[in-house]
Amino acid sequence: MSHYLRFIPVLLLGLVFLAGCGNEPTPEPPKPKPEVKVPRFDRDSAYNYVSRQVAFGPRVVNSDAHKQARAWLVDQFKGFGATVIEQDFQAEAYTGTVLNGTNIIAQYQPNNPKRILLAAHWDSRHIADYDPDENKRDQPILGADDGASGVGVLLEIARQLQANPIDLGVDIILFDAEDYGESKGEDYTTWCLGSQHWANNLHRSSYRAEFGILLDMVGAKNARFTLDETSMSFAPTIMNKVWKLAQDMGYSNYFVSEKTGILIDDHLFVNRIARIPMIDIINRPLESETGFGHYWHTQGDDMSVIDRRTLRAVGQTVLAVIYRLNNGQF
Ligand code: AHN
Ligand code: ZN
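Worth saying up front: this structure is predicted, and the values here are computed from it rather than measured.

### Here's the deal with the sheet that holds strand β1 (residues 83–92)
Alright, step 1. Spatially, six strands are ordered β1-β2-β4-β3-β5-β8 in an open sheet, and the strand pairing comes out mixed. One side of each edge strand has no neighbouring strand; the edge strands of this open sheet are β1 and β8 (278–282). Pairs of neighbouring strands in the sheet enclose a mean axial angle of 20 degrees, with direction left out of account.
Alright, step 2. Of the strand pairs in this sheet, strand β2 (residues 98–108) and strand β4 (residues 169–175) are connected by five bridges, and their pairing is antiparallel. Bridge pairing in β4 links Ala-106 to Ile-172.
Alright, step 3. Lying over the sheet, helix α3 (residues 64–79) contacts β1, β2 and β4, oriented at roughly 10 degrees with respect to β2.

Below, the structure written as structure tokens:
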């Protein structure tokens, strides 16, 4: 063995020694966060819940279809293990008609102090005032997207909550009489009568939720959910977190980071009156005269506008919010 080769083991040992003795203390390996198991949102199931509602016909307040849909909705939530409250109220519409409304409140773990609130409106509009055909404007609408889509997503979420229970209180509120407002009137309080009633008459005294998410028109093909100013002024942190999560999940075609203006919807009254921070997921397409879908408040708001992929993008995102919040990871 040559002189030089005899030193190689010594050199190697020295290298090992040096590598082991860096003056940096070895960092603690980061504690792996417990993996959040988010149930898979079934888009076909949600689609069926939308179509079942539409099959009743227009769910205009005071109509027979409205009464039938109410009974069916309450039955569904009870079947999914929720404790249901039917909050009846009367409110005078801008037309002078007295509306017999009912907010449907489906509760999971009503006594859990840590809660999230999810909502949609279950009534459909009494007139199609934006229909291109003048002769159809005095007829009610089916409201497949405007009403039924949000409720369909929430029914599927309720089904998942029963199948995958968590230690978090969840309230699903279906507001009534959202869509009986006066379109060209000045008074925005003619809209959202059910949410106004609820916000002024909480179903439990001093009811609180960490935050709320409203779903309105969440089923149309290529829907575009923007950051509305009402949500952004009352609940910007939640809004940004939900949009970021949706984008990370691959839904950035739907959840776009564009700001849009003030929006009168149920979340406005929940924020202002009940003071629970609530955001709205609502379709605001580009190049639309009304700011909403081309079918909005027309006879065209039927099942043909509904796309299962949009329902899933919204439903899967909301499920992720719920199950992450449950694990302290939202
Ligand atoms: C107004 O048109 C004032 N607000 C839109 C809220 C709405 C109507 N959502 C569904 N229909
Ligand atoms: Zn509407």
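### Notes on the coordination of the zinc ion (ligand 2)
Alright, step 1. Distances from the zinc ion (ligand 2) to its protein donors, Asp-146 (OD), Asp-179 (OD), Asp-179 (OD) and His-297 (NE2), fall within 1.9 to 2.5 Å.
Alright, step 2. Looking at His-297, the relative accessible area reads 1%, which means it is buried.

### Considering unusual backbone geometry
Alright, step 1. With a phi close to 50 degrees, Ala-177 is a non-glycine residue in the positive phi region.
Alright, step 2. Note that Ala-177 resides in the loop between β4 and α5 (193–200).
Alright, step 3. Residue classification places Ala-177 among the buried residues on the basis of a relative accessible area of 1%.
Alright, step 4. The phi dihedral of Asn-222 is positive, around 55 degrees, even though this residue is not glycine.
Alright, step 5. With relative accessibility at 61%, the residue Asn-222 sits in the exposed group.

### What to know about the site of ligand 1
Alright, step 1. Near ligand 1 you find His-121, Asp-146, Glu-178, Asp-179, Trp-191, Asp-216, Met-217, Ile-264, Phe-292, Trp-296 and His-297, and these make up its full shell.
Alright, step 2. Here a nitrogen atom of ligand 1 and a side-chain polar atom of Asp-179 are 3.1 Å apart.
Alright, step 3. Note that a nitrogen atom of ligand 1 is positioned 2.7 Å from one of the side-chain N or O atoms of Asp-216.
Alright, step 4. Residues of the shell around ligand 1, tallied by class, amount to five nonpolar, two polar and four charged.

### Section: helix α4 (residues 144–163)
Alright, step 1. For α4, built from 20 residues, the straight-helix expectation of 28 Å at 1.5 Å per residue is met to within 8% by its first-to-last C-alpha distance of 26 Å.
Alright, step 2. Across the 20 residues of α4, 17 count as buried, placing the element largely inside the fold.

### Details of the pattern of salt bridges
Alright, step 1. A full pass over the atoms with the stated rule returns eleven salt bridges.
Alright, step 2. Residues Asp-44 and Arg-308 are paired through a salt bridge, measuring 2.7 Å at the closest nitrogen-oxygen approach. Pair noted here: Asp-44 is in helix α2 (residues 43–55) and Arg-308 is in helix α9 (residues 308–326), with a separation of 264 residues, a long-range link.
Alright, step 3. Using a relative accessible area of 31% as the deciding quantity, one classes Arg-308 as partly exposed.
Alright, step 4. A salt bridge links Arg-125 to Asp-129, with the shortest nitrogen-to-oxygen separation between them at 2.8 Å. Of the two residues examined, Arg-125 and Asp-129, each falls in the buried class.
Alright, step 5. When salt bridges with common partners are traced through the structure, they connect Asp-42, Glu-156 and Arg-159 into a single cluster.

### Looking at the packing of α5 against helix α8 (residues 266–274)
Alright, step 1. The contact between α5 and α8 brings their axes to 9 Å, and the two run at 20 degrees. Classified by the angle their axes make, α5 and α8 are roughly parallel. As for the relative orientation of α5 and α8, their crossing is right-handed in sense. Together, Ser-195, Gln-196, Trp-198, Ala-199 and Asn-200 of α5 and Asp-266, Phe-269, Val-270, Ile-273 and Ala-274 of α8 make up the contact between the two elements.

### Points about a nonpolar patch on the surface
Alright, step 1. Side chains of Tyr-188, Ile-262 and Ile-264 sit close together on the surface and give an oily, nonpolar patch of about 270 Å² of accessible area.
Alright, step 2. Its location among the elements puts Tyr-188 in the loop between β4 and α5.

### Things to note about the environment of Leu-142
Alright, step 1. The residue Leu-142 is located in the loop between β3 (115–121) and α4 in this model.
Alright, step 2. Distance in space between the C-alpha atoms of Leu-142 and His-126 is 9.4 Å, their sequence separation being 16 residues.
Alright, step 3. Filtering out sequence-adjacent residues up to four positions away, Leu-142 remains in contact with Val-54, Gly-57, Pro-58, Arg-59, Ser-124, Asp-301 and Asp-302.

### Remarks on the side chain of Asp-146
Alright, step 1. You can see Asp-146 is positioned in helix α4.
Alright, step 2. Within the buried set, Asp-146 has no salt-bridge partner at all; the shortest N-O distance to an opposite charge, 6.7 Å, is to Arg-125.
Alright, step 3. Of note is the side chain of Asp-146, whose polar atom sits 2.9 Å from the side chain of His-121.
Alright, step 4. A distance of 3.0 Å separates a polar atom in the side chain of Asp-146 from a polar atom in the side chain of His-297.
Alright, step 5. Leaving out residues up to four positions away in the same chain, Asp-146 has contacts with His-121, Asp-123, Ile-141, Asp-179, Asp-216, Met-217, Trp-296, His-297 and Asp-301.

### Here we look at the packing of α3 against α4
Alright, step 1. Put simply, α3 and α4 touch, their axes get as near as 9 Å, and they point 25 degrees apart. Accordingly, the angle class assigned to the pair α3 and α4 is roughly parallel. Taking contact as the criterion, the partners of Trp-72, Leu-73, Gln-76, Phe-77 and Gly-79 in α3 are, on α4, Val-151, Leu-154, Leu-155, Ala-158 and Gln-162.
Alright, step 2. Partitioning the contact of α3 with α4 into residue classes produces seven nonpolar, three polar and no charged.

Reading guide: rules and limits
- Residues numbered from 1 in each chain as written.
- Chains lettered and ligands numbered in written order.
- Predicted model: local features only at pLDDT ≥ 70, side-chain atom pairs only at ≥ 80, totals over all residues.
- Heavy atoms only, no water.
- Pairing = 2+ DSSP bridges.
- Helix = DSSP H or I, 4+ residues; strand = E, 2+ residues; numbered from the N terminus.
- Axes fitted to C-alpha atoms, helices over the stretch in contact; angles between N-to-C directions.
- Contact = heavy atoms within 4.5 Å.
- Donors = N, O, S within 2.8 Å, 3.2 Å for Na, K, Ca; no water.
- Buried < 20%, exposed > 50% of the residue type's maximum accessible area, 1.4 Å probe, protein only.
- Near = heavy atom within 4 Å.
- Polar contact = N/O pair within 3.5 Å; in protein donor to acceptor, adjacent residues only side chain to side chain.
- Nonpolar A, V, L, I, M, F, W, Y, C, P; charged D, E, K, R; others polar.
- Expected span 1.5 Å × (residues − 1).
- Salt bridge = Lys/Arg side-chain N within 4 Å of Asp/Glu carboxyl O.
- Parallel < 35°, antiparallel > 145°, perpendicular 65-115°, else oblique.
- Left-handed = near helix turned anticlockwise from the far one by under 90°.
- Patch = residues over 30% accessible without salt bridge, like charges linked within 9 Å, V, L, I, M, F, W, Y side chains within 5 Å.
- Areas by Shrake-Rupley, 256 points an atom, 1.4 Å probe, with all protein chains shown as cover.
- Lys, Arg positive; Asp, Glu negative; His and termini not counted.

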